[in-house]
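These are the residues of each chain, in order.
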Amino acid sequence: MLYALICEDKPDGLELRKSTRETHLAYLKSLGPALAFAGPFLDAAEKPTGSLVVVDAESSEAAKAIGDADPYAKAGLFTSVTVRRWNWTVNPPA
C-alpha cells in the first residue's frame, strides 16, 4: 500500500536541511523499491519548505517508522509529518 508522508520544515530549517541532505538522500536510496518517489516542496523563491515522500508499506505505522528514521526527521527539521494512505491512479509507473 502506498502512503504519502507530508513533511513541513521549521521556518528556519534551510541550513539544517542543507547540512543533512546527503545522509537524507542516502537513506531514501537505501529504501529501494519501498520508495515510490520523493522531493521537496518549494516556496516562491524556489527554496525548500518541506518534503513529500511516498512509500510502499504494510501499514500507516510502518510508513511512519520509515519517516521517523529519515535523517531529516532525526535532525529535527520538520515541524510536522502527516502520514496518509495514497492511491496512484493516473500515470502510475509500469
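Residues numbered from 1 in each chain as written. Predicted model: local features only at pLDDT ≥ 70, side-chain atom pairs only at ≥ 80, totals over all residues. Heavy atoms only, no water.

A. View of unusual backbone geometry. One non-glycine residue with positive phi stands out, namely Glu46, at about 65°. Along the chain, Glu46 falls in the loop between strand E2 (35–42) and strand E3 (48–56). Classification of Glu46 as exposed rests on a relative accessible area of 57%. Positive phi is not limited to glycine here, since Asn91 has a value of about 55°. On the accessibility criterion, Asn91 (68% relative accessible area) is exposed. (Helix = DSSP H or I, 4+ residues; strand = E, 2+ residues; numbered from the N terminus. Buried < 20%, exposed > 50% of the residue type's maximum accessible area, 1.4 Å probe, protein only.)

B. Focus on the pattern of salt bridges. Under the defined criterion, the tally for this structure stands at four salt bridges. Its salt-bridge partner being Arg21, residue Glu22 comes within 3.9 Å of it at the nearest N-O pair. Residue Glu22 is classed as exposed on the basis of its relative accessible area, which comes to 57%. (Salt bridge = Lys/Arg side-chain N within 4 Å of Asp/Glu carboxyl O.)

C. Local environment of the side chain of His24. Tracing the backbone through its elements, the reader meets His24 in helix H1 (residues 14–30). A polar contact of 2.9 Å, which involves the side chain of His24, links it to the side chain of Asp70. With near-sequence residues (within four places) excluded, His24 lies in contact with Asp70, Pro71 and Tyr72. (Polar contact = N/O pair within 3.5 Å; in protein donor to acceptor, adjacent residues only side chain to side chain. Contact = heavy atoms within 4.5 Å.)

D. Looking closely at helix H2 (residues 60–68). Looking at H2, one finds that the buried residues are Ala63, Ile66 and Gly67. Burial along H2 is one-sided: seen end-on, the buried residues are contained in an arc of 100°. Against strand E1 (2–9), H1, E3, helix H3 (71–74) and strand E4 (78–86) lie the buried residues of H2. (Arc of directions from axis to C-beta.)

Geometric descriptors of this kind do not, in isolation, establish any biological role.
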